[in-house]
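The lines below spell out each chain.
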Amino acid sequence: MAQTIVVLDFGSQYTQVIARRIREANVYSKVLPFDTPVGEIKALKPVGLVLSGGPASVLANGSPKPHRSLFNLGVPILGICYGLQLMGKMLGGEVKASQQREYGRGKLSITKPGTLFKGLPKELTVWNSHGDCLTKLPKGFRELARTENSRFSAIEDPARKFYGLQFHPEVEHSEKGTQIIQNFLTQVCKCEGDWGMEDFTEASIRSIQEQVGDKKVILGLSGGVDSSVAAALIDRAIGKQLTCIFVDNGLLRLNERDQVIQLFHNHIPGKLKVARAGALFLNRLKGVTDPEKKRKIIGKTFIEVFDQEVKKLGEVDFLAQGTLYPDVIESVPIGGNPAALIKSHHNVGGLPKSMKLSLLEPLRELFKDEVRDLGRTLGLPKEVLMRHPFPGPGLGVRVVGEIKPQRLRVLREADAIFIEELIESRWYHRLWQAFCVFLPVRSVGVMGDERTYENVISLRAVTSSDAMTADWAQLPDKLLRKVSNRIINEVKGANRVVYDISSKPPSTIEWE
Ligand code: XMP
């Protein structure tokens, strides 16, 4: 049994990011709700505990708290943000609402390296998100670092092996954050890095087998990384009990349906059914321009089409989906924190009650790059694993405004050119995502001696590691020039190409 770190979740949108950082260090981590009985935690024999951040204030009545005996387990504890304040308050220190709230980047000055900051520079840029502050240390603790507004930004009690960080070491923007977490794991908890993706694969297979038993499962295959990996994993676990359904919603990219059929044929031995429902989707989307309405219609229709396919299969109990953690976090208000709800991703958030299927989401806690690793351990080919993510609503959210067949044609052709050139110039794999967006804006142009009045295509290319944040990519002029020339010359209906130079946040990756 691998060494285990338990992460107690107090409702932070970063809890799974903490778990992921721990996995990155090849250490097994288990996320549990904050009120998990201490006996249950003890039974897992954890080598360390992490208390996550959370949206509540420890000063508020009824704010989430673990049982006091958690601090008597003799296990090292790292409290992050709310976790630090909670530990501070429960162990006899003092927490107050700050005069100056700290959100975003801050300068951390390390006054004493202790174990957590061993070997790190004396000043670090870190990411904060808190209103309260620890103002008096509990007995046995000492200060390790401070920021301008927070005296106890990092603390330790080396005798009991309790540590606290007011900032978020788990987010990418915190300099040396990964190193700080690794110091906790290796120096304090003595983790040996005895866990890897193969272990995750084996554990997932066992858990799918347990959950499904001898029941039947259907899976919505999109041909993207997530659903293909989910299909291969579930296929490995329960084989013939799985049927995959590919819905052609009329919002796919050029030749996509045939590519998916080919992929499946070559690499996933299970059953595949193709539902050709393009006309139904496009009919329902006629005249609709509001992005959320479009998403809702696409989501609802998708479920209906699925429902019909399920009925054709007779008795089916589970619907499997390749939902990833970033999809979950942006769709569900986590721990009552409504800020986490950004877009309603149609493939997350449950099914209508009438559908009577249970959800099977074996990738729900993983991030994209982890899913690619998992796919590799399952033997899927590189072209599939390295494919850019494609949203469930497909080109439906890339034709801005009303979706019409002619607009889809223009978008498909332009997008195929962009992707072809990115692959040719070896830029494709350096990007998180790249695609074209059809803008319902017409502009004047001149071709030969003719005046044209046609639509605009926007190119979008971003770098990212998990889609939670993204930067627009600095593609070479020469490449942009070639793509623009080709689109304007080869695609009838587009006479202008623009490049989107917005980062996430504050923009999102997709336009709708
Ligand atoms: P945004 O546009 O929110 O996108 O920055 C973040 C990532 O999610 C993808 N995306 C979706 N994926 N169903 C999906 O499966 C959806 O409804 C959906 N909307 C956005 C997007 O392509 C990007 O990778």
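Starting from 1, residues in each chain are numbered consecutively following that chain's sequence as written. Per-residue local features are limited, in this predicted model, to residues with pLDDT of at least 70; the limit for side-chain atom pairs, both in listing and counting, is 80 or more; totals at the level of whole chains, interfaces and linings are taken over all residues. Calculation of side-chain values draws on the structure's entire complement of heavy atoms; hydrogens and water are dropped beforehand.

Before going further, it helps to spend a moment on the packing of aromatic side chains. Pairing of aromatic side chains here covers Phe, Tyr and the six-membered ring of Trp, requires ring centres within 6.5 Å, and sorts the geometry by plane angle: under 30 degrees stacked, over 60 edge-to-face, intermediate tilted. Using the criterion set out here, one finds eight aromatic pairs in the structure. Judged by centre distance (5.5 Å) and plane angle (45°), the rings of Phe10 and Tyr82 are tilted. Here the residue Phe10 occupies a position in the loop between β1 (4–9) and α1 (15–24), and Tyr82 occupies one in helix α3 (residues 82–90), the gap between them amounting to 72 residues. In this structure Phe10 comes out as buried when scored by relative accessible area, which is 4%. In this structure an aromatic cluster arises from ring pairing among Phe10, Phe34 and Tyr82. Runs of E in the DSSP output that reach at least two residues are strands. Runs of H or I that reach at least four are helices, and both are numbered from the N terminus. Partly exposed residues are those whose accessible area sits between 20% and 50% of the maximum for their type, while under 20% is buried and over 50% is exposed, using a 1.4 Å probe and protein chains only.

Counted as salt bridges are all cases of a side-chain nitrogen of Lys or Arg within 4 Å of a carboxyl oxygen of Asp or Glu. Here the structure, examined in full by the defined rule, presents 27 salt bridges. Here Glu490 ties to Arg486 by a salt bridge, and the two come within 2.7 Å at their closest N and O atoms. Here Glu490 pairs with Arg486, and both are found in helix α14 (residues 477–490), just four residues apart, close to one helical turn.

What follows is about the sheet that holds strand β6 (residues 123–136). Pairing between strands is defined by DSSP: at least two bridges between the two strands are required. Spatially, nine strands are ordered β2-β1-β3-β4-β9-β8-β7-β5-β6 in an open sheet, and the strand pairing comes out mixed. Each edge of the sheet is formed by a strand with only one pairing partner; in this case those strands are β2 (28–33) and β6. Between one strand axis and the next, the sheet turns by 20° as a mean value, whatever way the strands run. For strand β5 (residues 94–110) and strand β7 (residues 142–146), the ladder comprises two bridges, and the chain directions are antiparallel. Following the sheet pairing, Ser109 is matched in β7 by Arg146. Any two residues whose heavy atoms approach within 4.5 Å at even a single point are treated as in contact. Fitted lines through C-alpha atoms give the axes, limited to the stretch in contact for helices. The angle between two N-to-C directions lies from 0 to 180 degrees. Of the strands in this sheet, β1, β2, β3 (48–51) and β4 (77–80) touch α1, which is tilted by about 160° from β2.

On to the environment of Pro169. Looking at the secondary structure, you find Pro169 in the loop between β9 (162–165) and α4 (177–188). On the basis of relative accessibility, which here comes to 1%, the residue Pro169 falls in the buried class. Sequence separation between Pro169 and Lys139 is 30 residues, and the spatial gap between their C-alpha atoms is 24 Å. Every residue in contact with Pro169, bar those within four places of it in the chain, is listed here: Ile80, Ser174, Gly177, Thr178 and Ile181.

Time to look at the pairing of strand β11 (residues 242–248). Burial within β11 is extensive, with seven of its seven residues counted as buried. Of the two faces of β11, the one holding Leu242, Cys244, Phe246 and Asp248 and the one holding Thr243, Ile245 and Val247 are both buried throughout. Taken together, the four bridges between strand β10 (residues 217–220) and β11 define a ladder with parallel strand orientation. When the bridges of β11 are listed, Gly220 appears paired with Ile245. A crossover counts as right-handed when, viewed with the strands pointing away from the observer, the path leading from the first strand over the helix to the second turns clockwise. Handedness of the crossover joining β10 and β11 through helix α6 (residues 225–238): right-handed. With six bridges joining them, β11 and strand β12 (residues 271–276) adopt parallel strand pairing. When the sheet's bridge partners are listed, Asp248 is paired in β12 with Arg276. With respect to chirality, the unit in which β11 leads through helix α7 (residues 256–267) into the neighbouring parallel β12 is right-handed.

Looking at helix α11 (residues 368–377), one finds that the buried residues are Lys368, Glu370, Val371, Arg372, Leu374 and Gly375. The elements touched by buried residues of α11 are α1, α5 (197–212), α6 and α12 (382–385). Just past α11, the residue Gly379 takes up positive phi, approximately 85°.

Bringing the confidence of the model for the protein chain into the picture now. Residues with a pLDDT of 70 or more make up 95% of the protein chain, whose mean pLDDT is 91. For every residue, the predictor states its confidence as a pLDDT score lying anywhere from 0 to 100. Below a pLDDT of 50 lies the segment residues 331–350, which in the model reaches 46 contacts outside its immediate sequence neighbourhood of four places, other chains included.

Each α-helix winds once per 3.6 residues, and so residues spaced three or four apart point in a common direction. The buried fraction of α1 is high, at nine of ten residues. Along α1, the residues that are buried comprise Thr15, Gln16, Val17, Ile18, Ala19, Arg20, Arg21, Ile22 and Arg23.

The next thing to look at is the environment of Pro113. By the secondary structure assignment, Pro113 is in the loop between β5 and β6. Distance from Pro113 to Glu143, taken between C-alpha atoms, is 9.7 Å for residues 30 residues apart in sequence. Setting aside residues up to four positions removed in sequence, Pro113 forms contacts with Lys118 and Leu144.

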